[in-house]
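The primary structure of each chain is shown beneath.
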Amino acid sequence: DGTANIDTLDVDGTSNFADDVVFAGAAANISFDQSTDDLIFGDGAKAIFGGSPGSTDGLEITHTGSDSLIHENGTGDLNLAMEAGSKIIIQSSTNGNHLAEFAYEGASKLFFNGSEKIETTSGGLNVSGITTISDRLQVTSGISTFYDTTQSSSATTGAVVIDGGVGIAKNLNV
């Protein structure tokens, strides 16, 4: 009915803690809050999966005080696996906008401010919006069609606008 100070406690059977539990660490604590059913790792405390005491050779999950980290600290890969019909979605916690979406054996999508910009398809890649390439674009098998049907004699509008020189190594058919 009071406080017991025990140097070593070895429990060989079932233990039941009916209230909060605190595991005091050298620099960070891990607590179980019974009222909210939360296991709380204080800033700097790590959950290590696959390691052994004194070793950090597994998967680590920690919070530094400002950043949250998932770190594969072993020799293998970090795999996110899913079943048929499911997706991995990375989204904004503020408004729920998707940032990235990965479908089971299907499309992968990247978003900007909730608007889809890049999608992988069975035929390749779809890009929405203006695409800026800061160095060069090298096409190894040809460009089949420009779908913009703008008819223009201006140098700043039309299906293809080239601002600079054009080098043609072989034939040009118009």
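Residues numbered from 1 in each chain as written. Predicted model: local features only at pLDDT ≥ 70, side-chain atom pairs only at ≥ 80, totals over all residues. Heavy atoms only, no water.

A.B. asks: Would you mind going over a nonpolar patch on the surface in detail, with residue names and values included?
C.D. replies: Together, I133, L137, V139, I143, F146, V160, I162, V166, I168, L172 and V174 make up an exposed nonpolar region whose accessible area comes to about 1,200 Å². Tracing the backbone shows I162 in the segment after strand 11 (124–127). The exposure class assigned to I162 is exposed, which follows from its relative accessible area of 52%. (Patch = residues over 30% accessible without salt bridge, like charges linked within 9 Å, V, L, I, M, F, W, Y side chains within 5 Å. Areas by Shrake-Rupley, 256 points an atom, 1.4 Å probe, with all protein chains shown as cover. Salt bridge = Lys/Arg side-chain N within 4 Å of Asp/Glu carboxyl O. Helix = DSSP H or I, 4+ residues; strand = E, 2+ residues; numbered from the N terminus. Buried < 20%, exposed > 50% of the residue type's maximum accessible area, 1.4 Å probe, protein only.)

A.B. asks: Can you explain the environment of D33? Please cite residues and give values.
C.D. replies: Here D33 is to be found in strand 2 (residues 30–33). Looking at D33, the relative accessible area reads 22%, which means it is partly exposed. With 20 residues separating them along the chain, D33 and G13 place their C-alpha atoms 23 Å apart.

A.B. asks: Please give an account of the layout of surface pockets that cites residues and values.
C.D. replies: For the largest pocket, the calculated volume is near 850 Å³. Forming the boundary of the largest pocket are 14 residues, of which T131, I133, L137, I143 and F146 lie nearest the centre. For the lining of the largest pocket, a count of residues per class yields eight nonpolar, four polar and two charged. Taken as a whole, the second largest pocket encloses approximately 400 Å³ of empty space. (1 Å grid on protein atoms, 1.4 Å probe; cavity = no way out; pocket = protein on both sides within 12 Å on 5 of 7 lines; lining within 4 Å. Points joined across faces, edges and corners; volume = space filled by probe spheres on them. Nonpolar A, V, L, I, M, F, W, Y, C, P; charged D, E, K, R; others polar.)

A.B. asks: Requested: an account of the sheet that holds strand 6 (residues 68–72), with residues and values cited.
C.D. replies: Pairing within the open sheet is antiparallel, and its three strands lie in the order 4-5-6. On the outer flanks of this sheet lie strand 4 (46–49) and strand 6, each paired with one strand and no other. In this sheet, adjacent strand axes meet at a mean angle of 10° when their direction is disregarded. With four bridges joining them, strand 4 and strand 5 (residues 59–63) adopt antiparallel strand pairing. Bridge pairing in strand 5 places A47 opposite I61. (Pairing = 2+ DSSP bridges. Axes fitted to C-alpha atoms, helices over the stretch in contact; angles between N-to-C directions.)

A.B. asks: With reference to specific residues and values, describe the side chain of E101.
C.D. replies: Structurally, the position occupied by E101 is in strand 8 (residues 98–103). Side chain to side chain, E101 and K87 meet in a polar contact 3.3 Å long. Reaching out from E101, the side chain makes a polar contact with the side chain of H98 at a distance of 2.9 Å. Ignoring any residue separated from it by four or fewer positions in sequence, one finds E101 in contact with K87, I88, I89, A107, S108, K109 and F111. (Polar contact = N/O pair within 3.5 Å; in protein donor to acceptor, adjacent residues only side chain to side chain. Contact = heavy atoms within 4.5 Å.)

A.B. asks: Which residues make up the sheet that holds strand 10 (residues 115–121), and what are the values?
C.D. replies: Spatial strand order, 7-8-9-10-11: five strands in an open sheet with antiparallel pairing. The open sheet has two edge strands, strand 7 (87–91) and strand 11, and neither has a second partner. Along the sheet, successive strands turn relative to each other by an average axial angle of 10°, direction set aside.

A.B. asks: Describe the pattern of salt bridges, with residues and values.
C.D. replies: One pass over the full model with this rule turns up five salt bridges. One salt bridge in this structure joins K109 and E116, with 3.7 Å as the shortest N-O distance. E116 sits in the partly exposed class, given a relative accessible area of 27%.

A.B. asks: Lay out unusual backbone geometry with the relevant residues and their values.
C.D. replies: What you tend to see is this: most non-glycine residues have negative phi, and most peptide bonds are trans. We note that E105 has phi near 45°; this positive angle belongs to a residue other than glycine. You can see E105 is positioned in the loop between strand 8 and strand 9 (108–112). When its relative accessible area of 72% is taken as the criterion, E105 is described as exposed. The phi torsion at N113 lies on the positive side, around 55°, for a residue other than glycine.

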